[in-house]
Amino acid sequence: VTNGGYLMFIVKGNINIAPNVATLQGVYVMDGVFTTESVATGNDVRLIVTGNVVTWSSVDLQRDLGSSGNSVPAEQFVYSREMILAMPDNIKAFAMEWQEVVSGSF
């Protein structure tokens, strides 16, 4: 994502990150599982996600760096205030519509 740019995925279902992916930027919103896939125990690539991950289900972190994982995490999530600030206004706005109904009709 370029400076001042914005990338957002709103997904019905799961998001699976392939084992060879090392960096992600953006906002990821899903009602399924966010999974970081693994190649093999101890041989995975470190993943750094810059942005925001929101799931209404669960997160499945599968990567394993082996002995090098003792000093750095296999998956690192870096909160990005800039991603929130760059979000288009029509996504940030919360719109609610309501109306009064006749008592007893609902």
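Residues numbered from 1 in each chain as written. Predicted model: local features only at pLDDT ≥ 70, side-chain atom pairs only at ≥ 80, totals over all residues. Heavy atoms only, no water.

Draft legend 1. Quick look at the overall build of the protein chain. Along the backbone of the protein chain there are 2 helices and 7 strands. For the protein chain, the sequential pattern of α-helices and β-strands runs β-β-β-β-β-β-β-α-α. For the protein chain, with 106 residues in total, the buried portion stands at 24%. Across the protein chain, every contact between residues at least 6 apart in sequence was considered, and the portion connecting residues at least 24 apart equals 57%. (Helix = DSSP H or I, 4+ residues; strand = E, 2+ residues; numbered from the N terminus. Buried < 20%, exposed > 50% of the residue type's maximum accessible area, 1.4 Å probe, protein only. Contact = heavy atoms within 4.5 Å.)

Draft legend 2. Fine view of a nonpolar patch on the surface. Together, Val-1, Leu-7 and Phe-9 give the surface a local cluster of nonpolar side chains, amounting to about 220 Å² of exposed area. Along the chain, Leu-7 falls in the segment before β1 (8-11). (Patch = residues over 30% accessible without salt bridge, like charges linked within 9 Å, V, L, I, M, F, W, Y side chains within 5 Å. Areas by Shrake-Rupley, 256 points an atom, 1.4 Å probe, with all protein chains shown as cover. Salt bridge = Lys/Arg side-chain N within 4 Å of Asp/Glu carboxyl O.)

Draft legend 3. The sheet that holds strand β4 (residues 33-36), seen in detail. Read across the sheet, 3 strands follow the order β2-β4-β6 without closing on themselves; strand pairing throughout is parallel. The outermost strands of the open sheet, each flanked by one partner alone, are β2 (15-17) and β6 (58-61). For this sheet, the mean inter-axis angle between neighbouring strands, taken without regard to orientation, is 10 degrees. The pairing of β4 with β6 spans 4 bridges and is parallel. The partner of Phe-34 across the bridge, within β6, is Val-59. (Pairing = 2+ DSSP bridges. Axes fitted to C-alpha atoms, helices over the stretch in contact; angles between N-to-C directions.)

Draft legend 4. Expanded view of the nonpolar core. Ile-15, Ile-17, Leu-24, Tyr-28, Met-30, Phe-34, Leu-47 and Val-49 form the largest nonpolar core, which has 8 residues in total. Those elements that place two or more of their residues in this core are β2, β3 (23-30) and β5 (47-55). With 3 residues, β3 is the largest single contributor of residues to this core. Setting aside chain neighbours within four positions, we find Ile-15 in contact with Tyr-28, Met-30, Val-33, Phe-34 and Thr-35. (Core = buried A, V, L, I, M, F, W, Y, C linked by side-chain atoms within 4.5 Å.)

Draft legend 5. Looking closely at the side chain of Asp-44. By secondary structure assignment, the location of Asp-44 is in the loop between β4 and β5. No salt bridge is formed by the buried Asp-44. Its closest oppositely charged neighbour is Arg-63, at 5.8 Å. If we skip the residues at most four places from it in the chain, Asp-44 touches Ser-38, Val-39, Gln-62, Arg-63, Asp-64 and Leu-65. (Lys, Arg positive; Asp, Glu negative; His and termini not counted.)

Draft legend 6. Just the sheet that holds β5, in detail. Read across the sheet, 4 strands follow the order β1-β3-β5-β7 without closing on themselves; strand pairing throughout is parallel. Two strands close off the open sheet at either side, each with one partner strand: β1 and β7 (75-79). Ignoring strand direction, the axes of neighbouring strands in this sheet form an average angle of 40 degrees. Both β3 and β5 contribute to a ladder of 8 bridges, which runs parallel. For Tyr-28, the partnering residue across the bridge sits in β5 and is Val-53.

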